[in-house]
Structures are given as C-alpha cells and as structure tokens.
Amino acid sequence: MAVRAVRGATQLDVDEREHLLSSTRELVQAVLDANPMGPEDLISVVFTVTPDLRSEFPAVAARELGLGDVPLLCCTEIDVPGAMPRVVRLMAHAELDVPRADVRHVYLRGAVALRRDIAQ
C-alpha cells in the first residue's frame, strides 16, 4: 500500500446549495468508483471552491455520502482573473495498492477543460 493523491473537479451551473451538494456528491462518488478504493481507504479530502461559490461547504456532501470519519477541509481557490467560474475541486489522499500512474483523476462537466491531459 502507498499513499496516493487523487484529483477531481466539477463545474456548477449556478451557486445554489442543492446543486452544489448534488454536484459534489457526484464528484466524490465518481472518484471512488474510478479508483480501487472505498471510504475506508481515504486518509483525508481537501475541497476547494472558486470564490463565486458560497452557498454551502462541499464537505457537507461528502458527509452525506458516509465520509463523516474522514478528515475534510474546505478552502477557497486563488481568484485568478479569467479562471473558470463555479468550480469545486478535490484532492483525496488515500491508501491505494496501485502505482501512481494508475490513479484515475476525475473531471466532470466543464471542468474537463482544466486538465484534458489527465481527465478520465
């Protein structure tokens, strides 16, 4: 086993609480499904949101998926002019039995444009 970091992101249509929560749940579940891991393999998850998202903490969605005992942190992304708006990103640290090159990063909706080189 090794500690691996798994990246993911999704772009929201609007800053509304239920939309943010459902989109974040979708992202977290997609990351779990794309990699050989479950909640018990997670060490921690860091969520970031662009400054235009204020309706809810993404960690709430992770807790709703049963990740209540996983350390979760929410932060704001740097407000870079011209950056993609309404984006929730995550970096999950997990114990995985795969080489780093086999980790599958997940980019959903408009966020695919952020990392076409690694988006699955």
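Each value, and the rule that gives it
- Residues numbered from 1 in each chain as written.
- Predicted model: local features only at pLDDT ≥ 70, side-chain atom pairs only at ≥ 80, totals over all residues.
- Heavy atoms only, no water.
- Helix = DSSP H or I, 4+ residues; strand = E, 2+ residues; numbered from the N terminus.
- Polar contact = N/O pair within 3.5 Å; in protein donor to acceptor, adjacent residues only side chain to side chain.
- Contact = heavy atoms within 4.5 Å.
- Pairing = 2+ DSSP bridges.
- Axes fitted to C-alpha atoms, helices over the stretch in contact; angles between N-to-C directions.

Undergrad: Could you clarify how one ought to interpret the side chain of S23 in this entry?
TA: Here S23 shows up in helix α1 (residues 17–34). A distance of 2.8 Å separates the side chain of S23 from the backbone oxygen of H19, its partner in a polar contact. In contact with S23, not counting residues within four places along its chain, are T10, L12 and R109.

Undergrad: What's the story with the sheet that holds strand β3 (residues 72–76) in this structure? I'm lost.
TA: Paired through backbone hydrogen bonds, the strands of a sheet run either parallel or antiparallel to each other. The 5 strands are arranged β3-β2-β4-β1-β5 in an open sheet whose pairing can be described as mixed. Pairing within the sheet leaves two strands with one partner each, and these edge strands are β3 and β5 (106–108). Taking the axes of each pair of neighbouring strands and ignoring which way they run, one obtains an average angle of 15° across the sheet. Strand direction decides the pairing type here: strand β1 (residues 2–11) and strand β4 (residues 87–96), joined by 10 bridges, are antiparallel. Across the sheet, the residue bridging to A5 is H93, located in β4.

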